[in-house]
Amino acid sequence: DPFLLKDMDKAVARILAAITASEKILVFADYDADGVPAAVVLTEFFRQIKFTNFSVYIPDRHEEEHGLSLEVVEQAAKDQVNLIITVDCGITNVSEAARAHKLGVGVIITDHHLPGEKLPKAAAVVDPKRKDDKYPFKGLAGTGVAFKLAQALVISWNEKAPTEAKISSSW
């Protein structure tokens, strides 16, 4: 059950609210073989529901740092992004999430790495390795966490969507 992950309900509620309001969403992925497929999973959900007001940002592995950067947060605010969703990163990006919050950009963190002493200030922080998380399997990769988010989104979407807009339950 994807909703066993701590904050999954908050993440789903915030994303569905963004979709309903046609807010601009930025999917920020890690640049590795886990982050890229995680971005694809979330992108496929958006495509399934015909939501197009999103973009994906994958940092250059040689030119940019790992994780969410202040530069990307600042640019997102300039681009009028309403919500940043991280995949396979973000659990240690406390100052970056705080800056986004200060600029009025919402953040949802999905990650599988070990959290630091303090969690980022975000609408939701979904990571099975959180100390307060009760999800039974702590070994999910970043793509697995993104898949669980997509799975929870499909469940919630299908509860509210008219029949013709429902997504196949094969997710």
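As shown above, the structure is provided for reference.
Treat the numbers as computed from the prediction; the structure is a model and nothing was measured.

### A few points about helix α4 (residues 94–102)
The set of residues buried in α4 consists of E96, A97 and A100. Looking down the long axis of α4, one finds its buried residues gathered within 100° of arc, a one-sided arrangement. Close packing links the buried residues of α4 with α3 (70–78) and β4 (106–110). G104 lies just past α4 and shows a positive phi near 85°.

### Topic: the pattern of salt bridges
When the charged atoms of two side chains with opposite charge come close together, those side chains can pair. The final tally for this structure, using the stated rule, is 6 salt bridges. Among the ionic pairs, E23 bridges to R14, the shortest N-O distance being 2.8 Å. Where R99 meets E74, a salt bridge forms, and the shortest distance between an N and an O atom there is 2.6 Å. On the criterion of sequence distance, the pair formed by R99 in helix α4 and E74 in helix α3 is long-range, its members being 25 residues apart. The partly exposed category is assigned to E74, whose relative accessible area is 27%. Through salt bridges with shared partners, a single network forms among D7, K10, R130 and D132.

### Details of the pairing of β4
The element β4 is extensively covered by neighbouring structure, given that 5 of its 5 residues are classed as buried. By the alternation rule, side chains of β4 split into G106, I108 and T110 and V107 and I109, which are all buried. When strand β3 (residues 83–87) meets β4, the two strands line up parallel, connected through 5 bridges. When the bridges of β4 are listed, I84 appears paired with V107. After leaving β3, the chain enters α4 and then returns to the sheet as β4, a path that is right-handed.

### Digging into the sheet that holds strand β2 (residues 54–57)
Across the sheet, which stays open at both edges, the 5 strands sit in the order β2-β1-β3-β4-β5 with parallel pairing between neighbours. One side of each edge strand has no neighbouring strand; the edge strands of this open sheet are β2 and β5 (124–126). Adjacent strand axes in the sheet meet at a mean angle of 15° when their direction is disregarded.

### Re the packing of aromatic side chains
Inspection of every chain in the model, using the stated rule, returns 4 aromatic pairs. Taking 5.7 Å as the distance between ring centres and 15° as the angle between the ring planes, the aromatic pair formed by F28 and Y57 counts as stacked. One end of the pair, F28, is in strand β1 (residues 25–29); the other, Y57, is in strand β2, with 29 residues separating them in the sequence. By relative accessible area, which is 29% here, Y57 ends up partly exposed. With centroids separated by 4.9 Å and ring planes inclined at 40°, the aromatic side chains of F46 and F54 adopt a geometry described as tilted. Just as F46 is buried, F54 falls in that class too. Following the ring pairs from residue to residue traces out a cluster consisting of F45, F46, F51 and F54.

### Some remarks on the nonpolar core
Among the nonpolar cores identified, the biggest contains 38 residues, and I15, I19, I25, F45, F46, I85 and L149 are the most heavily contacted of them. Elements with a minimum of two residues in this core: α1 (8–20), β1, α2 (35–48), β3, β5 and α5 (142–160). With 8 residues, the top contributor of residues to this core is α5. The next biggest cluster of nonpolar side chains, apart from the first, holds 15 residues, and it includes L26, V72, V107 and I109.

Calculation notes
Residues numbered from 1 in each chain as written. Predicted model: local features only at pLDDT ≥ 70, side-chain atom pairs only at ≥ 80, totals over all residues. Heavy atoms only, no water. Buried < 20%, exposed > 50% of the residue type's maximum accessible area, 1.4 Å probe, protein only. Helix = DSSP H or I, 4+ residues; strand = E, 2+ residues; numbered from the N terminus. Arc of directions from axis to C-beta. Contact = heavy atoms within 4.5 Å. Salt bridge = Lys/Arg side-chain N within 4 Å of Asp/Glu carboxyl O. Pairing = 2+ DSSP bridges. Right-handed = clockwise from strand over helix to strand, strands pointing away. Axes fitted to C-alpha atoms, helices over the stretch in contact; angles between N-to-C directions. Phe/Tyr/Trp six-rings, centres within 6.5 Å; stacked < 30°, edge-to-face > 60°. Core = buried A, V, L, I, M, F, W, Y, C linked by side-chain atoms within 4.5 Å.

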